[in-house]
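Chains, contacts and geometry: an overview
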Amino acid sequence: MLIRQLIAVGSVTFLKSLSTQGAYVIPHKGVHLPSRPRQLASSDDGYVQSKSVTGLIYEMPNAPSVKLFTKQGCTLCDKVKDILESVREDHPHSLYAVDITDDDKQHWFSKYKYDIPVLHIDDVYWAKHRLTVEDAITGIKESREGRFANRLGEPDASRLEHTS
């Protein structure tokens, strides 16, 4: 049985295995998704697994609701989240993360597994893969004014897969 210990030193997290297998280093660049308690579990194959990133990132009253469909370790998702945070004060909105790998999110996983990040505003498809500051401002402004409309190009991976 392996016993593991996480040791944080500056911006690097060390994962130390307390067996004869030595120590491992896992770079940690500051996860931008919700900061929530996580349980780390060691599996028989030696991998460390973490829990869901689903949850509220920030909330602003009477503002459009943006959902970021994501999963743990999605660096493009972190970039989109950073863009949204950068416009939050001038263009208020709430931001929620939806982890498509959660057991109860299989519908979203089957649609978006090849295309995260995917964004919705007020439960309407908005964007995928990336977001510019200008796109963020336009979408949030349209939503606040009641003019936001579904964008073309919503991904659906399940349409591409064939079952035999």
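Right, let's walk through the structure included here. What you see is a predicted model; the values in this text were computed from it and never measured.

Some words on helix α1 (residues 75-87)
Taking 1.5 Å per residue as the helical rise, α1 with its 13 residues ought to reach 18 Å, and the 19 Å between its terminal C-alpha atoms agrees with that figure. Where α1 is concerned, the buried positions are C77, D78, V80, K81, L84 and V87. The inward-facing, buried residues of α1 abut β6 (55-58), β7 (65-70), β8 (94-99), β9 (118-121), β10 (124-128) and α3 (133-144).

Description of the pairing of β7
Both β7 and β8 contribute to a ladder of six bridges, which runs parallel. Looking at the pairing, T70 lines up with D99 of β8. In this fold, β7 hands off to α1, which returns the chain to β8; that crossover is right-handed.

As for the side chain of H120
Relative to the helices and strands, H120 is located in strand β9. Looking at H120, its side chain comes within polar contact range of the side chain of Y112, at 2.8 Å. In contact with H120, not counting residues within four places along its chain, are S65, V66, K67, F69, W108, Y112, Y125, W126 and E154.

Some words on the environment of A127
Inspection of the secondary structure assignment puts A127 in strand β10. Taking the C-alpha atoms as reference, A127 lies 8.2 Å from P117; in sequence the two are 10 residues apart. Apart from residues no more than four positions distant in its own chain, A127 is found in contact with P117, V118 and L119.

Quick notes on the sheet that holds β10
Taken in spatial order, the five strands make up an open sheet running β6-β8-β7-β9-β10, and their pairing is mixed. On the outer flanks of this sheet lie β6 and β10, each paired with one strand and no other. With strand direction ignored, the average angle separating the axes of adjacent strands in the sheet is 30 degrees. When β9 meets β10, the two strands line up antiparallel, connected through four bridges. Its bridge partner being in β10, V118 is matched across the sheet by K128.

Thoughts on the environment of V118
Assignment of secondary structure puts V118 in strand β9. Residue classification places V118 among the buried positions, given a relative accessible area of 0%. Taking the C-alpha atoms as reference points, V118 and E154, separated by 36 residues in sequence, lie 8.5 Å from one another.

Observations concerning the pairing of β8
The buried fraction of β8 is high, at five of six residues. Across three bridges, the pairing between β6 and β8 is antiparallel. Within β8, the residue paired with L56 across the bridge is Y96.

Looking at the packing of α1 against α3
Where α1 contacts α3, the two axes come as close as 9 Å, and the packing angle between them is 60 degrees. Classed by the angle they form, the pair α1 and α3 counts as oblique. Once α1 is placed against α3, the crossing between them reads as right-handed. Along its contact with α1, which presents I83, L84, S86 and V87, the element α3 presents V133, A136, I137 and I140. Tallied by class, the residues present in the contact of α1 with α3 amount to seven nonpolar, one polar and no charged.

Looking at the packing of aromatic side chains
On inspection of all chains with the given rule, the structure shows four aromatic pairs. Measuring from ring centre to ring centre gives 5.2 Å for F69 and Y112, while their planes differ by 70 degrees; the resulting arrangement is edge-to-face. Here the residue F69 occupies a position in strand β7, and Y112 occupies one in helix α2 (residues 106-112), the gap between them amounting to 43 residues. For the pair shown, F69 and Y112 are each scored as buried. Judged by centre distance (5.5 Å) and plane angle (25 degrees), the ring pair of W108 and Y112 falls under stacked. With W108 and Y112 both in helix α2 and four residues apart, the pair spans about one turn of that helix. In this structure W108 comes out as partly exposed when scored by relative accessible area, which is 24%. Taken together, F69, W108 and Y112 form an aromatic cluster joined through their ring pairs.

Here is what the cut-offs are and how they apply
- Residues numbered from 1 in each chain as written.
- Predicted model: local features only at pLDDT ≥ 70, side-chain atom pairs only at ≥ 80, totals over all residues.
- Heavy atoms only, no water.
- Helix = DSSP H or I, 4+ residues; strand = E, 2+ residues; numbered from the N terminus.
- Expected span 1.5 Å × (residues − 1).
- Buried < 20%, exposed > 50% of the residue type's maximum accessible area, 1.4 Å probe, protein only.
- Contact = heavy atoms within 4.5 Å.
- Pairing = 2+ DSSP bridges.
- Right-handed = clockwise from strand over helix to strand, strands pointing away.
- Polar contact = N/O pair within 3.5 Å; in protein donor to acceptor, adjacent residues only side chain to side chain.
- Axes fitted to C-alpha atoms, helices over the stretch in contact; angles between N-to-C directions.
- Parallel < 35°, antiparallel > 145°, perpendicular 65-115°, else oblique.
- Left-handed = near helix turned anticlockwise from the far one by under 90°.
- Nonpolar A, V, L, I, M, F, W, Y, C, P; charged D, E, K, R; others polar.
- Phe/Tyr/Trp six-rings, centres within 6.5 Å; stacked < 30°, edge-to-face > 60°.

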